[in-house]
Amino acid sequence: MLAATTKSDTRYELVVGMEVHVQLLTRSKMFCRCATDYAGAPPNTRVCPVCLGMPGTLPVINRDAVEATVKTGLALGCEIAETAVFARKNYTYPDLPKGYQISQFELPLCIHGRVDVDLPDGSTSPIRVRRVHLEEDTGRSVHEGGYSYVDLNRAGVPLMEIVTEADIHSAEQAYAFLTGLRSVLRYLGVSSGDMEKGAMRCEPNISVRTPEQKARGEYGAKVEVKNLNSFRAVRSAIEYEMRRQIDVLQSGGAVEQVNMGWDEERQRTVLQRTKESSDDYRYFPEPDLPPLALSRAWVDEIRAELPELPGAKRARYIRDWGLRPTEADALTGESLVACFFEGAVAAYGEEDGKPQRMANWITGELFRLIYADGEGQDLRQIADVRIAPAQLAALLALIDDKTINPNTGKKVLDIMYATGDDPQDIVAREGLAMVSDTSVIDEAVASILAANPAELARYRGGETKLFGFFMGQVMRATQGKADPNAARQRLQELLDEA
Amino acid sequence: MTHDKTAQDKRALHELTIHAALEGMRSGEFTSVQLTQALLDRIAAVDGNVKAYLRVTAEKALAQAEKADRRRAAGDDAPLLGAPLAIKDVLATSGVETTCGSRILQGFMPPYTATAVARLNDAGMVMLGKTNTDEFAMGSSTENSAFFTTHNPWDFDRVPGGSSGGSAAAVAADEALGALGTDTGGSVRQPAALCGVVGLKPSYGRVSRFGLIAYGSSLDQIGTLTKDVRDAALLLNVIAGSDPLDSTCLETPAPDYTAALTGDVRGLRIGLPDEYFIDGMQPEVEASVRQAVAELERLGAEVVRISLPNTDKALPVYYLAATAEASANLARYDGVRFGYSAGADSMFENIRRTRGEGFGAEVKRRIMLGTYALSAGYYDAYYLKAQQVRTLIKRDFEQAFTQVDVIAAPTSPTTAFRIGEKVDDPIQMYLTDIFTISANLAGVCAVSVPCGFDKANLPIGMQLIGPHLGEETILRAADAYERATDWQRHAPALTGRAS
Amino acid sequence: MHLTQEEVRHVAELAKLRLTEAEVRQYAAQLSAILDYAERIQEVDTSSVPPTPYVLGLENVMRDDEPQPGLDNEAALSNAPDSANGFFRVRAVFEE
């Protein structure tokens with residue numbers, strides 16, 4: 001049913017705006033000093049009278065959370081407000097202890113940002129950031145057997161909300177925006193960005209419109225999709241919603257402005273029961289918290305702490321080190337990977353295409369080992385591998401000076417990954433050094449030729465593609481340790497001796 | 001009948017001021033245990049009629065008194081060591097039930113103590129108990145207490161004022177040497193005036209609000225109810241000062257307020273605002289206050305006629321701004337984490353019923369008003385407009401304090417009214433705060449001191465308003481006036497039809 | 001300014017208050033009277049007047065990011081009307 005409509009998609013423009021909630025990596029909560037390490041903790045053990053909303057308690061602002069938000073705003077190209085004000089957002093739910101959430105409304109910390117998103121096809125699209133503001137997380141409820149069980153460990157954890165303009169026009173763009181955003185958050189060290197753990201939550205507002213509507217500056221009815229637990233789910237939900245909405249319109253219906261949830265199993269959006277009939281939040285300035293004044297000096301201080309961001313790193317790798325865009329992308333997505341790469345290049349050298357060779361080894365061999373390591377496909381594990389960047393540089397140097405050949409290098413890397421030993425020690429211990437002694441190679445070649453008279457005859461009869469067969473036999477006879485160039489040269493000479 | 005306490009050779013222990021009691025304990029004349037027991041005896045004797053206390057913590061009080069005596073024996077002379085005081089029940093006290101005079105908080109045992117109370121504890125206070133209040137400090141008579149109405153010690157048929165009516169009545173009836181109250185729109189000063197004691201509302205930000213169960217957060221301030229001005233200064237010395245738990249509490253160090261009590265008001269410029277002497281106020285109140293100002297003039301102060309032109313807007317501004325804040329502050333009473341739960345079997349219905357049954361009529365009225373003032377379509381016309389007019393009211397005071405040091409005015413337009421007289425007419429009840437709310441809106445300090453009696457022998461209070469952090473000036477003026485008069489030496493009749 | 005009973009019910013729902021019909025009637029009348037009284041602020045020209053949500057000129061009051069222990073589970077739940085297995089417990093979430 002859905003597939004049939006896809007060919008007419010071009011009649012409609014997809015319009016998506018994104019709200020992203022990000023938990024900040026502070027040690028204490030936003031407005032009280034409870035620890036934020038609630039993951040795996042028993043319920044209601046990271047709580048105090050303040051985050052339980054007990055009568056008479058008052059909030060106090062966590063400076064690090066403010067600075068993390070400003071830092072994020074700067075990284076997203078935002079203007080930083082001279083004055084930012086916390087406001088009470090009033091709504092009722094048992095996991096919202098005070099009956100209001102302290103958030104920001106009219107005067108958020110950051111406004112008017114812009115992120116340029118690079119797509120796989122090489123194109124770049126700008127996505128405007130409307131605002132970045134700071135608020136507090138709610139608790140969590142588990143529903144079971146006619147009861148709700150409320151755990152307030154999470155209540156009050158600093159939460160940053162990033163809101164984009166409706167500048168996203170494909171699921172791919174949304175995906176690229178989110179992965180890019182997560183990358184920036186991790187570079188800044190402000191959030192783990194882990195969607196699976198709820199540290200990053202995305203709510204796309206999805207609508208479609210006809211060119212005529214677009215010409216009139218109109219939008220279609222928005223559907224907000226909640227509880228998306230992965231970037232893939234965001235992409236799938238957008239694609240699904242787009243097709244669903246087009247379908248509704250084409251069958252003469254109207255899209256309803258509703259909240260939907262994502263059913264991961266059935267890969268479809270489902271209508272969400274509304275929690276609360278009212279969305280009149282009655283925002284007003286939080287009288288318990290004096291405003292924030294973001295002086296030029298303070299903002300400059302925060303700006304000075306900004307690291308080189310992924311986009312800039314990627315450009316530098318391509319420009320200064322001649323990397324191909326593919327590897328430059330792969331190395332800059334995670335700051336920990338880029339950090340490893342830069343350490344390895346520093347030890348290995350920047351000349352003669354060395355950075356590209358190092359990039360190939362990291363994105364090829366090292367990533368393979370990390371991915372195979374069972375801990376899930378998370379490249380941040382590079383920080384925990386037992387190989388130091390300088391050790392990987394040493395391995396490549398052994399290949400460069402022909403102590404070992406590249407294939408042996410991969411074996412050595414496997415051992416390094418398992419043991420953390422230096423490559424020189426592994427090569428010596430395992431006797432893996434290349435054989436470039438021509439007498440040893442000559443002996444091997446001679447015995448191979450003697451053992452395969454038929455193939456030798458066919459070769460000499462003009463079937464030169466059999467060179468590969470002989471080469472393989474020679475490498476096998478030397479247990480792979482023969483210097484392939486030396487072996488190739490001697491084999492050629494001896495084959496051609498008629 | 002009134003009798004003059006000074007006529008007696010020696011006052012009973014429960015009649016002492018805090019500073020006199022401290023002198024007595026310092027000189028070894030009596031111990032804190034003796035003093036505390038005297039107060040507990042007094043409470044046992046009269047509180048059945050006054051009903052100032054929601055709960056008396058006799059055992060804890062005696063234990064604290066014993067500890068105070070041990071500390072004193074060990075050479076300690078903390079500023080309030082062994083002084084028995086009462087605490088309004090909107091201040092959280094760890095391990096002692098704290099209800100705000102509301103059914104919704106019945107049984108609530110806070111695991112924390114309000115900073116101001118903690119400081120009194122550190123200074124050696126003996127806490128006698130928690131005093132009655134209008135529910136969530138919303139009211140001017142204690143008639144909005146969910147538990148009972150406190151009676152005015154001068155006439156049991158009349159209200160003590162409110163919302164700190166329990167604290168004011170306890171001090172007036174010698175059931176505590178002094179007490180803490182809270183003042184959002186006059187809730188310390190108005191009951192002080194109606195009960196004939198001294199009521200101090202410090203400047204906003206002077207005393208930490210941590211543990212003060214919020215009504216109107218931008219207006220709430222903890223204040224003192226005492227038998228004289230010196231005691232007010234003594235208590236303020238202890239409770240004033242910055243608190244890392246309250247972001248709206250000022251870092252400005254608190255001076256020794258007793259040092260300001262020089263008795264000298266020569267050259268002090270006192271402003272008399274036209275707008276505070278209006279038609280409809282009780283003539284005896286106007287006469288007494290004018291006479292009190294004349295007394296200050298006689299003592300060397302200079303009296304200046306001033307204008308606070310937006311005074312008649314203060315009441316509506318207050319009832320929109322305070323209730324808007326209250327509507328959010330009281331949203332946390334949902335029957336989940338503490339307090340009353342109606343036990344309905346669906347989530348939101350339980351919240352609605354818990355609140356519908358747990359809150360009293362006035363609290364619900366104010367939550368409704370505040371919710372309305374913030375709601376879509378009305379925010380600009382009510383909440384925002386009120387906060388803008390509040391700016392003008394604040395500017396009126398800033399302007400006035402360029403001309404004068406202190407503003408003198410009546411505290412309440414009338415003396416204590418009869419129980420039940422205004423309960424059915426919210427606006428009439430709200431109008432009793434007409435002279436006190438401006439100080440809260442502007443964040444300035446004010447003190448009410450006894451300045452006479454009406455024909456029915458009910459006390460009248462004069463309010464001295466000072467600029468922000470002008471506590472030393474208003475206390476100096478109030479103290480000088482008090483020294484020159486003897487109103488505070490009159491004792492209440494402790495009679496009425498209710499007895 | 002006259003508040004209808006319908007409006008009173010709407011505001012009561014925003015405020016999550018279950019009111020009796022008598023209360024609805026009473027509040028409609030009383031809130032209308034209070035709002036009438038409050039009309040006097042509408043005549044004040046505030047076109048260039050900023051609001052005063054805070055009376056103090058304080059700004060940037062913050063604390064360091066240093067955790068400290070809060071309440072243990074028993075203390076956290078000790079005032080709760082209902083709890084189970086370390087959680088606050090409330091009746092079924094959804095209605096209607």
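Each chain has its residues counted from 1, running along the sequence as written. Here every chain gets a letter starting at A, and every ligand a number starting at 1, in the order they are written. Where local features are concerned, this predicted model is filtered to residues with pLDDT of at least 70; where side-chain atom pairs are given and counted, the filter is 80 or more; whole-chain, interface and lining totals use all residues.

Some words on the overall build of chain A
The secondary structure listing takes helices from DSSP runs of H or I that are at least 4 residues long and strands from runs of E that are at least 2 residues long, numbered from the N terminus. Helices and strands together make up the secondary structure of chain A, namely 16 helices and 17 strands. The size measure is the radius of gyration over C-alpha atoms, and the globule rule it meets is 2.2 Å times the number of residues to the 0.38 power. Since a compact globule built from 498 residues should have a radius of gyration of about 23 Å, the 30 Å found for chain A marks it as more spread out than a globular shape. Once the C-alpha set of chain A is aligned to its principal axes, its extents read approximately 95 × 55 × 50 Å. Working definition of burial: number of other C-beta atoms within 10 Å of the residue's own, with buried at 20 or more, exposed at 12 or fewer, and partly exposed in between, all C-beta atoms being placed from the backbone. Counting every position in chain A, which comprises 498 residues, the buried fraction comes to 45%. Partitioning the intrachain contacts of chain A with sequence separation of at least 6 by distance along the chain shows that 70% fall at a separation of at least 24. Once C-beta atoms are placed from the backbone, any two residues with those atoms within 7 Å are in contact.

So, the overall build of chain B
A count of helices and strands for chain B gives 15 helices and 13 strands. The C-alpha radius of gyration of chain B comes to 21 Å, within 12% of the 23 Å expected for a compact globule of 499 residues. Taken across its 499 residues, chain B has 66% of its residues classed as buried. Intrachain contacts of chain B at a sequence separation of at least 6 include 77% that bridge at least 24 residues.

Notes on the pairing of strand β10 (residues 147-151) of chain A
For β10 of chain A, the tally of buried residues reaches four of five residues, placing the bulk of the element in the interior. In short, DSSP must find at least two bridges between two strands for them to pair. A loop of two residues connects strand β9 (residues 140-144) of chain A with β10 of chain A, the two strands running antiparallel in sequence, and Gly145 of chain A in this loop sits at a positive phi of about 55°. Of the strand pairs in this sheet, β10 of chain A and strand β3 (residues 87-91) of chain C are connected by four bridges, and their pairing is antiparallel. Bridge pairing links Tyr149 of chain A to Arg89 of chain C in β3 of chain C.

Focus: the interface of chain C and chain A
Counting residues at the interface gives 33 residues for chain C and 38 residues for chain A. Among the elements of the structure, α1 (5-14), β1 (62-63), α3 (73-77) and β3 of chain C are those that each provide at least two residues to the side of chain C that touches chain A. Ranked by residue count, the leading element in the side of chain C that touches chain A is β3 of chain C, at five residues. Tallied by class, residues from the side of chain C that touches chain A come to 18 nonpolar, five polar and ten charged. Polarity classes work like this: nonpolar for Ala, Val, Leu, Ile, Met, Phe, Trp, Tyr, Cys and Pro, charged for Asp, Glu, Lys and Arg, and polar for all others, with Gly in that last group.

Overview of the sheet that holds β9 of chain A
With antiparallel pairing, four strands are arranged side by side in an open sheet as β9(A)-β10(A)-β3(C)-β2(C). Every interior strand has two partners, whereas the edge strands, β9 of chain A together with β2 (83-84) of chain C, have only one. Looking at chain direction, β9 of chain A and β10 of chain A are connected through five bridges and run antiparallel. Opposite Ser141 of chain A, over in β10 of chain A, you have Val150 of chain A as the bridge partner.

Considering the interface of chain C and chain B
The interface of chain C with chain B comprises 43 residues on the first partner and 56 residues on the second. Every element with two or more residues in the side of chain C that touches chain B is listed here: α1, α2 (21-38) and β3 of chain C. If you tally residues by element for the side of chain C that touches chain B, the top one is α2 of chain C, at seven residues.

Let's talk about the confidence of the model for chain B
All names here are of chain B. Looking at chain B as a whole, its pLDDT mean stands at 96, while 98% of the residues score no less than 70. Segment residues 5-9: pLDDT under 50, and five contacts once partners within four positions in sequence are set aside and those in other chains are kept. For this predicted complex, the interface confidence reaches an ipTM of 0.96, while the overall pTM sits at 0.91. On a range of 0 to 100, pLDDT expresses the predictor's confidence in each residue.

Let's talk about α2 of chain C
Its 18 residues give α2 of chain C an end-to-end C-alpha distance of 25 Å, which sits within 8% of 26 Å, the value for a rise of 1.5 Å per residue. Within α2 of chain C, burial applies to Tyr27, Gln30, Leu31, Ile34, Leu35 and Ala38 of chain C. Contacts made by the buried residues of α2 of chain C are with α9 (314-329), α11 (361-374) and α13 (426-431) of chain B together with α1 of chain C. In a helix, the anticipated span is given by 1.5 Å times the number of residues less one.

Regarding the sheet that holds strand β11 (residues 445-453) of chain B
All names here are of chain B. Across the sheet, which stays open at both edges, the eleven strands sit in the order β2-β4-β3-β5-β7-β6-β11-β12-β10-β8-β9 with mixed pairing between neighbours. Looking at the sheet topology across the chains shown, the edges are occupied by β2 (53-56) and β9 (302-306). When the angles between neighbouring strand axes are averaged without regard to direction, this sheet yields 30°. Alignment of strand β5 (residues 178-183) against strand β7 (residues 221-226), held across six bridges, turns out to be antiparallel. In the strand pairing of β7, Gly181 is matched with Gly223. Here the axes come from fitting lines to C-alpha atoms, over the contacting stretch only for helices, and the angles between their N-to-C directions go from 0 to 180 degrees. Together, β2, β3 (84-88) and β4 (126-131) form the strand contacts of helix α3 (residues 58-73), whose direction differs from that of β4 by roughly 155°. Sitting on the sheet, helix α5 (residues 165-172) is in contact with β2, β3, β4, β5, β6 (198-201) and β7, with an inclination near 155° to β5.

A word on unusual backbone geometry
A cis amide bond links Gly162 of chain B with the next residue in sequence, Ser163 of chain B, at an omega value of 10°. Its location among the elements puts Ser163 of chain B in the loop between β4 and α5. Backbone geometry places Lys402 of chain A, a non-glycine residue, at a positive phi of 65°. Judged by local crowding, Lys402 of chain A falls into the partly exposed class, with 14 C-beta atoms found within 10 Å. A positive phi is found at Ala137 of chain B, a non-glycine position, where the angle reads about 65°. Take Ala137 of chain B: it is sitting in the loop between β4 and α5. For Ala137 of chain B, a count of 29 C-beta atoms within 10 Å puts it in the buried group.

Description of the environment of Gln221 of chain B
Residues and elements named next belong to chain B. Within the fold, Gln221 resides in strand β7. Owing to 26 C-beta atoms within 10 Å, Gln221 belongs among the buried residues under this scheme. Apart from the residues lying within four places of it in its own chain, the contact partners of Gln221 are Thr182, Asp183, Lys201, Pro202, Tyr204 and Val207.

Some details on the packing of α11 of chain B against α1 of chain C
The N-to-C vectors of α11 of chain B and α1 of chain C enclose an angle of 95°; their axes lie 9 Å apart at closest approach. What the angle tells us is that α11 of chain B and α1 of chain C run roughly perpendicular. Across the interface between the two elements, Met368, Thr371 and Tyr372 of chain B of α11 of chain B pack against Val11, Ala12 and Leu14 of chain C of α1 of chain C. Residues of the contact of α11 of chain B with α1 of chain C, tallied by class, amount to five nonpolar, one polar and no charged. Relative orientations are named as follows: roughly parallel for angles under 35 degrees, roughly antiparallel for angles over 145 degrees, roughly perpendicular for angles from 65 to 115 degrees, and oblique for any other angle.

Quick notes on the domain arrangement of chain A
Residues and elements named next belong to chain A. Per the domain assignment, the segments of chain A are domain 1 (3-302), domain 2 (308-430) and domain 3 (438-496). The distance between the C-alpha centroids of domain 1 and domain 2 comes to 36 Å. Every contact between the two is made by five residues of domain 1 and, on the other side, five residues of domain 2. The leading source of residues in the side of domain 1 that touches domain 2 is helix α2 (residues 171-188), at four residues. Where each domain begins and ends is defined by an automated method or by a domain database.

Looking at the environment of Val55 of chain C
Summarising the element assignment, Val55 of chain C is placed in the loop between α2 and β1. Look at Val55 of chain C and you get buried, because 22 C-beta atoms sit within 10 Å. Counting along the chain gives 28 residues from Val55 of chain C to Ser83 of chain C, while the straight-line C-alpha distance between them is 41 Å. In this structure, Val55 of chain C is in contact with Tyr204, Ser218, Lys394, Ala442 and Gly443 of chain B, ignoring residues within four places of it in sequence.

Things to note about α2 of chain A
Here α2 of chain A is 18 residues long and its end C-alpha atoms lie 26 Å apart, about the 26 Å a rise of 1.5 Å per residue gives. One or two residues past the end of α2 of chain A sits Gly189 of chain A, with phi positive at roughly 70°.

Brief notes about the confidence of the model for chain A
Summary statistics for chain A give a mean pLDDT of 91 and a share of 96% for residues scoring 70 or more. For residues 1-8 of chain A, every residue scores under 50 in pLDDT, and the model assigns this stretch eight contacts once sequence neighbours within four places are set aside.

Notes on the packing of helix α8 (residues 283-298) of chain B against helix α15 (residues 471-484) of chain B
Residues and elements named next belong to chain B. The N-to-C vectors of α8 and α15 enclose an angle of 95°; their axes lie 10 Å apart at closest approach. One element, α8, and the other, α15, form an angle in the roughly perpendicular class. Residues Ala292, Glu295 and Leu296 of α8 lie in contact with α15, whose contacting residues are Ala477, Tyr481 and Ala484. Residue classes in the contact of α8 with α15 are distributed as five nonpolar, no polar and one charged.

Details of the environment of Asp167 of chain A
You can see Asp167 of chain A is positioned in the loop between β11 (158-164) and α2. Put simply, Asp167 of chain A and Ser125 of chain A are 42 residues apart on the chain and 8.9 Å apart in space, counted from C-alpha to C-alpha.

Description of the pairing of strand β15 (residues 268-271) of chain A
All names here are of chain A. Bridge count between strand β14 (residues 259-263) and β15: four bridges; the pairing is antiparallel. Bridging from a neighbouring strand, Trp262 pairs with Thr269 of β15. With antiparallel pairing between neighbouring strands as the criterion, β14 and β15 make up a hairpin whose turn holds four residues, including Gln267 at a positive phi of roughly 50°.

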